[in-house]
Structures are given as C-alpha cells and as structure tokens.
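# Structural overview
Read off the chains here:
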Amino acid sequence: MISVAGLGFKQYREQMDGGAVPELSCPDPECGTPLGGHGSYQRYLGGQRQSVRRVRCPRCRVSHAVLPEDVCAYRDLTFGAVEAGLAAQRPSAGAEASGQVGPAGVRRVRGWLRSAQEPYAAKLQGLLGPVSSPWWRGAQEVVGEATGWLTRLRHFLWSRCRYFLGGLSGLFRHGRPAPRSPRVSP
C-alpha cells in the first residue's frame, strides 16, 4: 500500500478517474524502480464506492494499492473520524463525535479504544521510542495533538522507518501485508 501525500479521499476520485498514475517508486529500499499502472478495484472511500488505483513494480513483481493519505487501509474510515473517536475516550461519545451511528458504532469505537492491546500497538510504540500509553497518546507526543495527527504519523513512520500505517489495521513494512503461511486459508 502506498498513500499519495496531499491527496485526500475527496480529491482522490477527481485525480484517479482520468486513469492518471501518480509518479511513485517502489517502496522497497533495495529497488526504487518507478511503478506503473496495474488496474484498479472497487472499495468504499468516505461512504462512496470508488475505484482504487493499483500500481506494480516491474522488478519486484509486487502490486500496491494507491490510497489517499487520510484513509485507513482495509476500512471505510477516514483518519479524522478515528481521531474524533479516540479523543472522546468513551465509546458512546466517540461514536457520536466520529459519525458512527447506533449500537454498531459504539461497538466499533470500543474496538478502537481497545486497540491499545493489539500486537501492532507494541510495535508502534517501539518505533516511536519511549512514549506514554495508549499508542495514540504516544503518537500525539511525537507528531503533535492538532487535527490531522494520524496523517502526520503515517508520513513520519513512512519517511523514518518505511512502515505504512494502515490506521487501526496495523503497520505494514514497505507497504506490504505480511506473507501468509501456505497452510492458512485467506
């Protein structure tokens, strides 16, 4: 996965619908080859079904999704909604602040607040250095508490460690999900 700096989900459709492929290079530090277009797939971005561009490295033979900079990987969530939910500290208040409706929204925000116990949270705290818990407090200490801190954190982790922050979905080294064991069903 790769995100395009300065391109939010609202501008993404306008930019990508014309078939334009942004100039990107392979995220693998040993490669750096320019990436070419490799089709698209449909997913929800900001509540609307949109095409997400894919690019492929001709040398590594790996394809990557090109995501807007403010969208969580594998979820129909913007970083702004997650920031609002985490700031509220109570699931019901967080659901209201983030626009997650009903009991399902409260459960969703409760899961966000529990993400401090996820394995990637410990890895994230290791990358950020000695910071306070939960992980989002430590991240705010590093990149600042102002709105947009998750986007800044994504840029910080990518530029410093080559880890792609998927939001609440975890961290991906060089923008790639960890390889699955051949015995594991998808």
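Before any of the text, the structure's been laid out above.
Residues numbered from 1 in each chain as written. Predicted model: local features only at pLDDT ≥ 70, side-chain atom pairs only at ≥ 80, totals over all residues. Heavy atoms only, no water.

### Re the overall build of the protein
What counts here: Strands are runs of DSSP state E lasting at least 2 residues, helices are runs of H or I lasting at least 4, and numbering of each runs from the N terminus. It is over C-alpha atoms that the radius of gyration is taken, and the globule rule equals 2.2 Å times the number of residues to the power 0.38.
For the protein, the count of helices and strands is 7 helices and 6 strands. When the helices and strands of the protein are placed in sequence order, the string is β-α-β-β-β-α-α-α-α-α-α-β-β. A globule of 186 residues ought to have a C-alpha radius of gyration of about 16 Å, and the protein, at 17 Å, matches this closely. Seen through its principal axes, the protein has C-alpha atoms that stretch 45 × 40 × 35 Å.

### Considering the packing of aromatic side chains
Heads up, the condition is: What counts as a ring pair is set by centres within 6.5 Å for rings of Phe, Tyr and Trp (its six-membered ring), and what kind of pair is set by the plane angle: stacked under 30 degrees, edge-to-face over 60, tilted for all other angles. Think of it in three bands: residues with accessible area under 20% of the maximum for their type are buried, residues over 50% are exposed, and the middle band is partly exposed, with areas taken using a 1.4 Å probe on protein chains only.
Using the criterion set out here, one finds 5 aromatic pairs in the structure. Relative to Phe172, the ring of Tyr74 lies with its centre 5.9 Å away and its plane at 65°, an arrangement referred to as edge-to-face. In this pair, Tyr74 is assigned in the loop between β4 (63-68) and α2 (79-88) and Phe172 in strand β6 (residues 171-173), connecting sequence segments 98 residues apart. Residue Phe172 is classed as buried on the basis of its relative accessible area, which comes to 9%. An angle of 85° between the planes, with centres 6.5 Å apart, marks the rings of Trp158 and Phe164 as edge-to-face. Overall, the relative accessible area of 1% leaves Phe164 in the buried class.

### Topic: the nonpolar core
To keep things clear, this is the line we draw: Take the buried Ala, Val, Leu, Ile, Met, Phe, Trp, Tyr and Cys residues and link them wherever side-chain atoms come within 4.5 Å; each set so joined is a nonpolar core. Working rule for contacts: check all heavy atoms of both residues, and any pair within 4.5 Å makes them a contact.
With 27 residues, the main nonpolar core has Val82, Leu86, Trp135, Trp149, Leu150, Leu153 and Leu157 as its most contacted residues. Counting residues per element, the ones that place at least two in this core are α2, α4 (102-114), α5 (119-128), α6 (135-143), α7 (149-161) and β5 (163-165). Sequence-distant contacts of Leu153, defined by excluding residues within four places in its chain, comprise Leu124, Leu128, Trp135, Ala139, Val143 and Leu165. Formed by 22 residues, the second largest nonpolar core is a distinct cluster that contains Leu35, Val71, Phe164 and Phe172.

### Remarks on a positive patch on the surface
Cut-off, in case you're wondering: Each patch is built from salt-bridge-free residues with over 30% relative accessible area, joining like charges within 9 Å and nonpolar side chains (Val, Leu, Ile, Met, Phe, Trp, Tyr) within 5 Å. Using a 1.4 Å probe, accessible areas were evaluated by the Shrake-Rupley method; residue-level cover was limited to the displayed protein chains. In the sections that follow, a salt bridge refers to a side-chain nitrogen of Lys or Arg positioned within 4 Å of a carboxyl oxygen of Asp or Glu. Neither His nor the chain ends contribute to the count of charged residues, in which Lys and Arg are positive and Asp and Glu negative. Here the site of a charge means NZ on Lys, CZ on Arg, CG on Asp, or CD on Glu.
On the surface, Arg107, Arg108, Arg110 and Arg114 cluster together into a patch of positive charge. For Arg107, the location among the structural elements is in helix α4.

### A short note on the side chain of Gln50
Looking at the secondary structure, you find Gln50 in strand β3 (residues 48-56). The contact partners of Gln50, leaving out residues within four places of it in the chain, are Phe9, Tyr12, Arg13, Tyr41, Gln42, Arg43 and Leu45.

### Digging into the environment of Ser169
When you line up the elements, Ser169 lands in the loop between β5 and β6. The partly exposed category is assigned to Ser169, whose relative accessible area is 23%. Sequence-wise, Ser169 and Tyr120 are 49 residues apart; in three dimensions their C-alpha atoms are separated by 8.7 Å.

### Here's the deal with α7
A turn of α-helix holds 3.6 residues, and therefore any two residues three or four places apart point the same way. To keep things clear, this is the line we draw: To estimate the expected span of a helix, count its residues, drop one, and scale the result by 1.5 Å.
Here α7 spans 17 Å end to end across 13 residues, near enough to the 18 Å set by a 1.5 Å rise per residue. Those residues of α7 that sit buried are Trp149, Leu150, Thr151, Leu153, Arg154, Leu157 and Cys161. Looking one or two residues past α7, Arg162 carries a phi angle of roughly 60°, positive in sign.

### Focus on the pairing of strand β2 (residues 36-45)
Heads up, the condition is: Two strands form a pair only when DSSP identifies at least two bridges running between them.
In this structure, β2 lies alongside β3, joined through 8 bridges in antiparallel fashion. The partner of Gly37 across the bridge, within β3, is Val55.

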